Amino acid sequence: MTGLVAVALRDGRVPPWVRRLRRPRPGVAVAAAVLLLAVLAAVAPGVLTSGDPLAVAPADRLQAPSLDHPFGTDQLGRDVLTRVVHGTGASLTAALAAVGVAIAGGLVIGVTTGYLGGWADRVGMRLVDVLLAVPALLLSMTVIAATGGGTLVLGVAVGIAGVAGASRVLRARTQQLRSVPFVEAATVSGWRRPTVITRHILPHLWPTAAAVASVEFGQAVLAVAALGFLGFGPPPPAPEWGAMVADGRAFLADSWWLTLAPAAVITAVVLAAYRLSRVIGGSRA
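Residues numbered from 1 in each chain as written. Predicted model: local features only at pLDDT ≥ 70, side-chain atom pairs only at ≥ 80, totals over all residues. Heavy atoms only, no water.

Summarising the element assignment, S140 is placed in helix 7 (residues 136–147). If we ignore the near neighbours within four places in the chain, the residues touching S140 are A157, V158, A161 and L227. (Helix = DSSP H or I, 4+ residues; strand = E, 2+ residues; numbered from the N terminus. Contact = heavy atoms within 4.5 Å.)

Residues F217, V221, W241 and V269 are the most contacted members of the largest nonpolar core, which totals 61 residues. The dominant element in this core, judged by the number of residues it contributes, is helix 10 (residues 193–229), at 14 residues. Ignoring any residue separated from it by four or fewer positions in sequence, one finds V221 in contact with A95, W241, I266, V269 and V270. (Core = buried A, V, L, I, M, F, W, Y, C linked by side-chain atoms within 4.5 Å. Buried < 20%, exposed > 50% of the residue type's maximum accessible area, 1.4 Å probe, protein only.)

Let us now look at helix 8 (residues 151–178). Its 28 residues place the ends of helix 8 38 Å apart at the C-alpha level, agreeing with the 40 Å of an ideal helix rising 1.5 Å per residue. The sharpest bend along helix 8 reaches about 40° and sits at G162. (Expected span 1.5 Å × (residues − 1). Bend = angle between axes of the 7 residues up to and from the residue.)

On to helix 6 (residues 118–133). Helix length check: helix 6 (16 residues) gives 23 Å between terminal C-alpha atoms against 22 Å at 1.5 Å per residue, within 8%. Buried residues of helix 6: A120, D121, G124, M125, V128 and L131, and no others. Here the buried residues of helix 6 occupy an arc of 115° about the axis, which is enough to place them on one side. Of the exposed residues in helix 6, the ones pointing more than 90 degrees away from its buried face are W119, R122, V123, V130 and A133. Residues of helix 6 that are buried make contact with helix 5 (80–116), helix 7 and helix 8. (Arc of directions from axis to C-beta.)

Once that is clear, we can look at a nonpolar patch on the surface. Residues L37, L40, V47 and L48 make up a contiguous nonpolar surface patch of roughly 330 Å² in combined accessible area. Within the secondary structure layout, L48 lies in helix 4 (residues 45–48). Classification of L48 by relative accessible area gives partly exposed; the value is 36%. (Patch = residues over 30% accessible without salt bridge, like charges linked within 9 Å, V, L, I, M, F, W, Y side chains within 5 Å. Areas by Shrake-Rupley, 256 points an atom, 1.4 Å probe, with all protein chains shown as cover. Salt bridge = Lys/Arg side-chain N within 4 Å of Asp/Glu carboxyl O.)

The omega torsion across P236 and P237 is 10°, close enough to zero to call that bond cis. Located in the positive-phi region is L62, a residue other than glycine, with phi close to 55°. In this structure, L62 sits in the loop between helix 4 and helix 5. Using a relative accessible area of 23% as the deciding quantity, one classes L62 as partly exposed.

Take V84: it is sitting in helix 5. Residue classification places V84 among the buried positions, given a relative accessible area of 4%. Filtering out sequence-adjacent residues up to four positions away, V84 remains in contact with F71, W241, M244, P262 and V265.

What follows covers the side chain of D79. With respect to the element layout, D79 can be found in the loop between helix 4 and helix 5. Looking at D79, its side chain comes within polar contact range of the main-chain nitrogen of L81, at 3.4 Å. Among all residues touching D79, those that are not within four sequence positions of it are D68, H69, G72 and T73. (Polar contact = N/O pair within 3.5 Å; in protein donor to acceptor, adjacent residues only side chain to side chain.)

Shown next, in the form of structure tokens:
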């Protein structure tokens, strides 16, 4: 985001979404606080909790939320809050990897097809149609099954499934920029296509890419949690949000906090990401 602001200031123009971030409304401030807290939990979980996420205490099993255990304890006596905090790293790492893959692939396909048009556009869009024809969750599961497990593999698998959507949005924006007078003037002047793309297309494409990335991040968090719920995440006993929701199913009738706590955190992070995406994307809502 800092790079986007720098580009805007260097060009002498401040996009509306930058001005909105400078004067956030309460909802935006709350969303930003939620995401910052999640980042803190991922980078430095010891700041938020001093417990061991793997420490077993059979005497404290299935305790309801209390002052000692704000999110309660699980069937092995492990503190749920500690596990949720330490599970943030795996979930956010996979989600950020997914966003990186989706945006990188979306830029390559979207800019190439949107600027060149013709056969490049037809081939690229057929590839996108193939990706869209396969359910995203099934595609991610196939990639994981073919390449093995791991947090980064999980993120890459989710990111590949998100390339198609990012490509369509970035292609549409590239087609708009291609017909802008200064881009047409650079093309007519004989500038090479890579130069036109890097100097005139990409600098004006970053705000759109940022909006797409913020939406993709929320979707990636949900997809990573869903795959973890199905057993495709980090192997136990490592904490991961989706796996924690799955582990709590057997105790849902009497120990509801095992499922509710990680599910509430997932919901809060996804809603915060979507709220900020509306600001970056230009919505006034």
